[in-house]
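Remarks on the overall topology
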Amino acid sequence: MARKVIISGGGTGGHIFPAIAIAGALRRIEPDIEILFVGAKGRMEMQKVPEAGYEIVGLDIQGINRKSFVKNLSLPFKMARSLWQANKILKKFGAEAAIGVGGFASGPLLLVAGWMGIPTLLQEQNSYAGLTNKRLSKKAEKVCVAFDGMERYFPSEKIIFTGNPIRRSSVELEGKRDAAYQHFGLDPDKKTLLLVGGSLGALTLNRCMQEGVSKLVSQGMQVIWQCGANYYQRLKAEVSKELLGSVRLTAFIDKMDYAYAAADLIVARAGAGTISELCVVAKPTILVPSPNVAEDHQTKNALALMNAKAALMVTDWNARAELMDKIIELKNDEDLCKALSSNIKAMAIEDADDRIAREILKMINKG
């Protein structure tokens, strides 16, 4: 009889892509397995999961709105309704295990699964655990983590170090450098900076580039600048035509493998998924963590790499004053570039999805 697993969570690509990767690994190991996703209505998982070929149902749940007290008034009612919906979904599907990857929906789904005696597993992507996962870990059988020192947040006997699942197609770079230069129209004799701010873009990184990209070009560099859909039209009109000869400005990068392959240096935010890819890519990296995330976990992620001498860090607050000079310094320091590449590569885990999938199956088979 086919096994049945529910995977719950989402809200951002940082939660959705690992969830889809885990589902893919489960199917590779057990092709007949039945997988159902549970997300939050109106969030991006409701689109991305079906695009990946999986069924998803949505809960009426939302997070706390820190800017509007009025918008939080309905939260207790939505939480009660989502608990009722989660109970109904778990019973109807006949789930043998419930997996939480973070995001609004994972809280009520795993809470109810725990009450029902269904084995649960948490996948904590960050180096700093949020309140929801800390609470859910009390009932969870296993907690899969990607950073050392997570016994500060979870029972040590439940922790399994697996790393974070990554989009394998994005980090397969072997033999792609020449094709990458052609794809972006780059000069193979120049150093290339890749700047990525996520699908929506990062205001601070865009401001830094707009104010300082001419300095990079004057130093003989060329730039792949992923600015985000929200900023693309304005920046396209404002960046001078002279600079555009050395700058590839794009709203979104659809071939991340080519972008990584072309890059000599990388500047990025410090989301857990991004960091996991960067460890495999193993290019000298400067992280500029976003301050606009729950419990400032990107800063903690970046510090974990900085303390391992695997990446440099510039705070969002200081980026406009420091980032361009830091990029130029790194470009000119070959020994530091080699050391950063070596140290970040040592942190890479390429089979995290398989590791987590096998833990899920072990958990089911034990029951």
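The rules behind these values
- For every chain, the first residue of the written sequence is number 1, and numbering continues from 1 onward in sequence order.
- The predicted nature of this model means local features are confined to residues of pLDDT at least 70 and side-chain atom pairs, given and counted, to a pLDDT of 80 or more, with totals for whole chains, interfaces and linings taken over all residues.
- Side-chain measures were taken over the full set of non-hydrogen atoms in the model, leaving aside hydrogen atoms and water.
- Put simply, DSSP marks the helices as runs of H or I at least four residues long and the strands as runs of E at least two long, and each gets a number from the N terminus on.
- The globule rule is 2.2 Å times the number of residues to the power 0.38, and the radius of gyration it is compared with is taken over C-alpha atoms.
- Three labels apply to residues, based on accessible area from a 1.4 Å probe with only protein chains included: buried if under 20% of the type maximum, exposed if over 50%, partly exposed otherwise in between.
- By definition in these notes, contact holds between two residues if any of their heavy atoms fall within 4.5 Å.
- The method behind every accessible area is Shrake-Rupley, applied with a 1.4 Å probe, and residues are considered shielded solely by the protein chains displayed.
- Charge assignment: positive for Lys and Arg, negative for Asp and Glu; neither His nor the chain ends contribute.
- Charge positions are represented by NZ for Lys, CZ for Arg, CG for Asp and CD for Glu.
- The salt bridge criterion pairs a side-chain nitrogen of Lys or Arg with a carboxyl oxygen of Asp or Glu, the two atoms within 4 Å.
- UniProt positions are given in the numbering used here, feature names are shortened, and annotations may be inferred rather than shown by experiment.
- Residues are said to line a cavity or pocket when one of their atoms sits within 4 Å of a point; the points come from a 1 Å grid over protein atoms alone, cavities being sets where a 1.4 Å probe fits but cannot get out and pockets being open sets with protein on both sides within 12 Å along at least five of seven lines.
- Grid points are joined across faces, edges and corners, and a volume is the space filled by probe spheres set on the points.
- Nonpolar core, defined: a set of buried Ala, Val, Leu, Ile, Met, Phe, Trp, Tyr and Cys residues in which side-chain atoms within 4.5 Å join the residues together.
- Note on method: axes are straight lines fitted to C-alpha atoms, helices fitted across the in-contact stretch only, with angles between N-to-C directions ranging 0 to 180 degrees.
- Every angle not falling under 35 degrees, over 145, or within 65 to 115 is termed oblique; those three ranges are roughly parallel, roughly antiparallel and roughly perpendicular.
- Should the near helix be turned anticlockwise from the far one by less than a right angle, the crossing is termed left-handed; should it be turned clockwise, right-handed.
- Residue polarity is assigned by list, with Asp, Glu, Lys and Arg as charged and Ala, Val, Leu, Ile, Met, Phe, Trp, Tyr, Cys and Pro as nonpolar; anything else, Gly included, falls into the polar class.
- Two strands make a pair as long as DSSP finds a minimum of two bridges between them.
- When the strands point away from the viewer, a crossover counts as right-handed if the route from the first strand across the helix to the second turns clockwise.
- Stacked, tilted and edge-to-face pairs are distinguished by plane angle, under 30 degrees for stacked and over 60 for edge-to-face with tilted covering the rest, among Phe, Tyr and Trp rings (Trp via its six-membered ring) whose centres lie within 6.5 Å.
- Working rule: Lys NZ or Arg CZ, within 6 Å of ring centre, within 35 degrees of ring normal, means a charge sits over the ring.

1. Focus: the overall build of the protein chain
Within the protein chain one finds 16 helices and 13 strands. Rg of the C-alpha trace for the protein chain: 21 Å, near the compact-globule value of 21 Å for 367 residues, within the 12% margin. Overall, the C-alpha framework of the protein chain stretches about 65 × 45 × 35 Å when taken along its three principal axes. Here the protein chain, with 367 residues, has 54% of them falling under the buried criterion. For the protein chain, restricting intrachain contacts to residue pairs at least 6 apart in sequence, the fraction spanning at least 24 positions comes to 65%. Element-wise, carbon and sulfur atoms account for 51% of the exposed surface of the protein chain, whose accessible area totals about 17100 Å². The centroid of the 48 positive side-chain charges in the protein chain is displaced by 7 Å from the centroid of its 39 negative side-chain charges.

2. Concerning the pattern of salt bridges
Counted according to the given criterion, the structure contains 19 salt bridges. Taking the shortest distance from any N to any O, the salt bridge between Asp257 and Lys176 comes out at 2.6 Å. Taken together, the residues Asp257 in helix H11 (residues 256-262) and Lys176 in the loop between helix H6 (168-171) and helix H7 (177-184) connect sequence positions 81 residues apart. Accessibility expressed as a relative area gives 8% for Asp257, which makes it buried. Salt-bridge contacts for Arg269 lead to Asp316; the nearest nitrogen and oxygen are separated by 2.9 Å. Remark: Asp316 occurs in the loop between strand E13 (312-313) and helix H14 (319-331) and Arg269 occurs in the loop between strand E11 (265-268) and helix H12 (272-281); sequence separation between them is 47 residues. Exposure class is identical for Arg269 and Asp316. Each is buried. Through salt bridges with shared partners, one network takes in Arg28, Arg168, Asp353 and Asp354.

3. Some remarks on the UniProt feature "binding site: UDP-N-acetyl-alpha-D-glucosamine" (unreviewed entry) in the protein chain
According to UniProt, the feature "binding site: UDP-N-acetyl-alpha-D-glucosamine" (unreviewed entry) maps to Thr12, Gly13, Gly14, Asn126, Arg167, Ser199, Ile253 and Gln298 in the numbering used here. By the element assignment, Asn126 lies in the loop between strand E5 (120-124) and helix H5 (131-136). Each residue touching Asn126, except ones within four places of it in the same chain, is listed here: Phe147, Met150, Ala272, His297 and Asn301.

4. A word on the layout of surface pockets
Empty space within the second largest pocket amounts to approximately 340 Å³. Along the wall of the second largest pocket there are 21 residues; nearest its centre are Ala146, Phe147, Phe161, Cys279 and Met347. Secondary-structure elements contributing two or more residues to the lining of the second largest pocket are H12 and helix H13 (297-307).

5. Focus: the nonpolar core
Counting residues in each nonpolar core, the largest one holds 64 residues, and the members touching the most others are Ile6 and Leu194. Core analysis: the next-biggest nonpolar cluster, separate from the first, contains 32 residues, Leu243, Leu249, Ile286 and Met324 among them.

6. With respect to the packing of helix H8 (residues 203-218) against H14
Direction vectors running N to C along H8 and H14 enclose 45 degrees, while the axes themselves pass 9 Å from each other. If you check the angle between H8 and H14, you find them oblique. Both H8 and H14 take part in a crossing whose hand is right-handed. Residue-level inspection shows Thr204, Leu205, Arg207, Cys208, Met209, Glu211, Gly212, Val213, Lys215 and Leu216 of H8 in contact with H14, the latter providing Ala319, Arg320, Leu323, Met324, Asp325, Ile327 and Ile328. Counted by class, the contact of H8 with H14 contains 10 nonpolar, 2 polar and 5 charged residues.

7. Some points on the environment of Ile286
Inspection of the secondary structure assignment puts Ile286 in strand E12 (residues 285-287). Note on Ile286: relative accessible area 1%, which makes it buried. Distance from Ile286 to Ile327, taken between C-alpha atoms, is 7.7 Å for residues 41 residues apart in sequence. Dropping the residues within four chain positions of it, Ile286 is found in contact with Ile266, Val267, Ala268, Leu312, Val314, Leu323, Lys326, Ile327 and Leu330.

8. Points about the pairing of strand E3 (residues 55-59)
Two strands pair when backbone bridges link them, and strand E2 (residues 34-40) and E3 are joined in this way by 5 bridges, in the parallel orientation. The residue bridging Val38 from the neighbouring strand is Val57, located in E3. You can see the chain leave E2, run along helix H2 (residues 45-51) and come back into E3, and the turn it takes is right-handed.

9. A word on the packing of aromatic side chains
Taken as a whole and assessed by the stated rule, the structure comprises 2 aromatic pairs. Ring geometry for Tyr128 versus Tyr153: centroids 5.3 Å apart, planes at 70 degrees, classification edge-to-face. Of the two residues, Tyr128 is situated in the loop between E5 and H5 and Tyr153 in the loop between strand E6 (142-145) and strand E7 (159-161); the sequence distance between them amounts to 25 residues. Taking the ring centre of Phe93 as reference, the NZ or CZ of Lys4 above it sits at 5.6 Å. Seen from the ring of Phe17, Arg167 lies directly overhead, with NZ or CZ sitting 4.7 Å from the centre.

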